[in-house]
Amino acid sequence: MKAVQYDTYGDSDVLKIVQIDAPHAGPGQIRIVVHAAGVNPLDWKLRAGKMRDFFPVDFPSGVGAEAAGIVDEVGDGVSGTAVGDAVFGLAVRRTAMAEKAVLTSWTHKPDGMPFEVAGALSIVAESATRILDLIAIKAGETLVVAGAAGGVGSAVVQLARHRGVTVIGTASEAKHEYLRKLGAIPTTYEPGLPARVREIAPQGVDAALDLAGAGVIPDLIEIVRDPARVLSIADITAPKHGARVTTSQSERPEVALSDVARLYTEGAFDLHIERVFPIEQIAQAQEISATGRVAGKLVVRVA
Ligand SMILES: NC(=O)c1ccc[n+]([C@@H]2O[C@H](COP(=O)([O-])OP(=O)(O)OC[C@H]3O[C@@H](n4cnc5c(N)ncnc54)[C@H](OP(=O)(O)O)[C@@H]3O)[C@@H](O)[C@H]2O)c1
């Protein structure tokens, strides 16, 4: 089968389309014919060697953490999913960008959901649900989200709004209308964030999430006043300031995936797809992801 691989750290030109044997579904896994696979910042960070001290890559390495498609093989012990079902989910480490991929967690794709949306949904659904649970945000509370217009931010804002939370989100001014449509009160991320947030929420802020990793933790602690309710997914120095960082997926990601699929069906959740690339343009897709300017998600169309 066709797959994206690279065999050394480097720029996007190390990415190649190669022919390899298709993988098989192990116990508790399924294999899909991939229709679409989401592009995530981790893909290019791993490829560029930026994570080599924490997550070294074994070469040759595949690419991609999430995909949507049609089930064509079901592993031992799997129930409730059959060959021919349309699903989306998390792939075995870095293998999603291929004609066939093995999924470890998945849920059924709602009928009306395009494969492009489904293919890009798993990472943001799992991450957003996990971090909202970790900071234990409740209805009636106010949340600041730094980096609210990206993939994870787009999901966090909508899921927090659905939980009855007021959300103040940072983004560049061009993306403020996008944030308003998602249900957040936008502000910029220039210096002076605590003062701007005080104006928007004079009653105070209960918790804050850092999704941009742009050195904003001290500001977020000043805003929330309780470091235990400041959490980052992108800044490993957060604990130095007394805040928390999370990097590991939850134990049962499929719960978040099926919750978000249900909200999509109810019209309470959507995912903006900024651009769809053919698999041959994976290098360009990763370069655009690496600009850090994407609203919502980028997707690669495989079949
Ligand atoms: N720890 C985990 O479990 C986990 C899980 C998923 C993702 N992540 C990490 O979390 C980060 C976010 O992921 P993502 O998929 O949401 O990324 P993304 O889609 O690439 O995020 C792009 C967004 O970031 C915004 N942004 C860039 N610099 C900013 C700044 N200084 N302040 C506020 N917003 C800024 C951009 O808005 P503007 O264009 O308006 O600047 C853009 O909309 C990445 O570093 C990713 O690797 C970690």
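Every chain begins its residue count from 1, and numbering advances along the sequence as written. In view of the model being predicted, local features appear only for residues whose pLDDT reaches at least 70, and side-chain atom pairs are presented and counted only at 80 or more, with totals across whole chains, interfaces and linings using the full set of residues. Water and hydrogen atoms were dropped before computing side-chain values, which therefore reflect all heavy atoms in the structure.

**Notes on the sheet that holds strand 10 (residues 185–187)**
Next up, step 1: Whether two strands pair depends on DSSP finding at least two bridges between them. Think of it this way: any DSSP run of H or I at least four residues long counts as a helix, any run of E at least two long counts as a strand, and we number them from the N terminus. As summarised here, the arrangement of the six strands in space is 10-9-8-11-12-13, forming an open sheet in which the pairing is parallel. Both outer strands of the open sheet, strand 10 and strand 13 (244–245), are each paired with one neighbouring strand and no more.
Next up, step 2: The pairing of strand 8 (residues 142–146) with strand 11 (residues 207–210) spans four bridges and is classified as parallel. In the sheet register, V144 faces strand 11, and the bridge partner there is A208.
Next up, step 3: Contacts between residues were defined by any pair of non-hydrogen atoms, one from each residue, lying within 4.5 Å. The angle between two axes is taken between their N-to-C directions and runs from 0 to 180 degrees, where each axis is a line fitted to C-alpha atoms and a helix contributes only its stretch in contact. Contacting strand 8, strand 11 and strand 12 (230–232), helix 7 (residues 217–224) crosses the sheet at an angle of about 170° to strand 11.

**Re the nonpolar core**
Next up, step 1: Side-chain atoms within 4.5 Å are what join buried Ala, Val, Leu, Ile, Met, Phe, Trp, Tyr and Cys residues into a set we call a nonpolar core. Exposure classes here rest on a 1.4 Å probe applied to the protein chains alone. A residue is buried below 20% of its type maximum, exposed above 50%, and partly exposed in between. Counting 47 residues, the largest nonpolar core has L143, V156 and L209 as the members making the most contacts within it.
Next up, step 2: Put simply, the parts of the chain that give this core at least two residues each are helix 2 (115–119), helix 3 (122–134), strand 8, helix 4 (151–162), helix 5 (176–182), strand 11 and helix 8 (253–265).
Next up, step 3: Broken down by element, the residue count for this core peaks at six residues, all from helix 4.
Next up, step 4: Residue contacts for L209: discarding those within four places in its chain leaves I131, L132, I135, L143, V144, V145, A146, V156, L220 and L231.

**As for the domain arrangement of the protein chain**
Next up, step 1: Where each domain starts and ends follows an automatic or database-derived domain assignment. With domains assigned, the protein chain is organised as domain 1 (2–121 + 271–301) and domain 2 (125–245).
Next up, step 2: Between the C-alpha centres of domain 1 and domain 2 the distance comes to 27 Å.
Next up, step 3: Between domain 1 and domain 2, the residue contacts involve eight residues of the former and nine residues of the latter.
Next up, step 4: Summed over both partners, the accessible area (1.4 Å probe) lost when two parts come together is defined as the buried area. Overall, the association of domain 1 and domain 2 removes approximately 690 Å² of surface from exposure, summing both partners, and the carbon and sulfur fraction of that is 57%.
Next up, step 5: Take a side-chain nitrogen of Lys or Arg and a carboxyl oxygen of Asp or Glu: if they are within 4 Å of each other, that pair is a salt bridge. Counting across the domain 1 and domain 2 interface gives zero salt bridges.
Next up, step 6: For this analysis, a polar contact is any N or O atom pair within 3.5 Å, provided that within protein one partner can donate a hydrogen and the other can accept it, and provided that sequence-adjacent residues contribute only side-chain to side-chain pairs. The interface formed by domain 1 and domain 2 includes five residue pairs in polar contact (both at pLDDT 80 or more).
Next up, step 7: A per-class count over the side of domain 1 that touches domain 2 returns four nonpolar, two polar and two charged. In this count, Pro and Cys sit with the nonpolar residues alongside Ala, Val, Leu, Ile, Met, Phe, Trp and Tyr, while Asp, Glu, Lys and Arg are called charged and the others, Gly among them, polar.

**Some thoughts on the site of the ligand**
Next up, step 1: Any residue with at least one heavy atom within 4 Å of a molecule or strand is counted as near it. The environment of the ligand is made up of 25 residues, and the closest members are K45, S172, K175, Y189 and V294.
Next up, step 2: K175 has a polar side-chain atom sitting 2.3 Å from an oxygen atom of the ligand.
Next up, step 3: Between Y189 and the ligand, the recorded distance is 2.4 Å, taken from a side-chain N or O atom to an oxygen atom.
Next up, step 4: What sets the accessible areas is the Shrake-Rupley method with a 1.4 Å probe; for residues, cover comes only from the shown protein chains. In the complex, 86% of the free accessible area of the ligand, which totals 930 Å², lies under the protein chains.
Next up, step 5: Those elements that provide at least two residues to the shell around the ligand are helix 1 (41–47), helix 3 and helix 4.
Next up, step 6: Split by residue class, the shell around the ligand holds 11 nonpolar, 10 polar and four charged.
Next up, step 7: A domain-level breakdown of the shell around the ligand finds at least three residues from each of domain 1 (2–121 + 271–301) and domain 2 (125–245).

**A closer look at the sheet that holds strand 2 (residues 16–19)**
Next up, step 1: Overall, antiparallel pairing links the three strands, which are arranged 2-1-4 in an open sheet. Two strands close off the open sheet at either side, each with one partner strand: strand 2 and strand 4 (61–62).
Next up, step 2: Sheet topology note: the strand 1 (residues 2–6)/strand 4 ladder contains two bridges and is antiparallel. Note on strand 4: the bridge partner recorded for Y6 is S61.

**Topic: the packing of helix 3 against helix 8**
Next up, step 1: Where helix 3 meets helix 8, the axes come as close as 9 Å, and the angle between the chain directions of the two elements is 105°. Accordingly, the angle class assigned to the pair helix 3 and helix 8 is roughly perpendicular. Where helix 3 approaches helix 8, its residues S122, A125, E126 and T129 are matched on the opposing element by P253, A256, L257 and V260.
Next up, step 2: Its residues assigned to classes, the contact of helix 3 with helix 8 comprises five nonpolar, two polar and one charged. What sets the label is the angle itself: under 35 degrees gives roughly parallel, over 145 gives roughly antiparallel, 65 to 115 gives roughly perpendicular, and the rest give oblique.

**A closer look at a nonpolar patch on the surface**
Next up, step 1: Only residues above 30% relative accessible area that lack a salt bridge enter a patch, with like-charged residues linked at up to 9 Å and the nonpolar side chains Val, Leu, Ile, Met, Phe, Trp and Tyr linked at up to 5 Å. Taken together, F54, F55 and I236 make up a surface patch of nonpolar side chains, about 300 Å² in accessible area.
Next up, step 2: Turning to its location among the elements, F55 is positioned in the loop between helix 1 and strand 4.
Next up, step 3: The partly exposed category is assigned to F55, whose relative accessible area is 32%.

**A short note on the pattern of salt bridges**
Next up, step 1: A complete count under the given rule lists 14 salt bridges for this structure.
Next up, step 2: Linking E280 and K2 is a salt bridge whose minimum nitrogen-to-oxygen distance equals 3.2 Å. Linking E280 in the loop between strand 14 (273–278) and helix 9 (282–290) with K2 in strand 1, this pair joins segments that are 278 residues apart in sequence.
Next up, step 3: For R31, the salt bridge is made with D72, and the minimal N-O distance between the two is 2.9 Å. A residue pair is termed long-range when its members are at least 10 positions apart, and R31 in strand 3 (residues 30–39) and D72 in strand 5 (residues 66–74) qualify at 41 residues.
Next up, step 4: Here R31 falls in the buried class, since its relative accessible area comes to 8%.
Next up, step 5: Via salt bridges that share partners, R31, D72, E73 and K100 belong to a single interconnected network.

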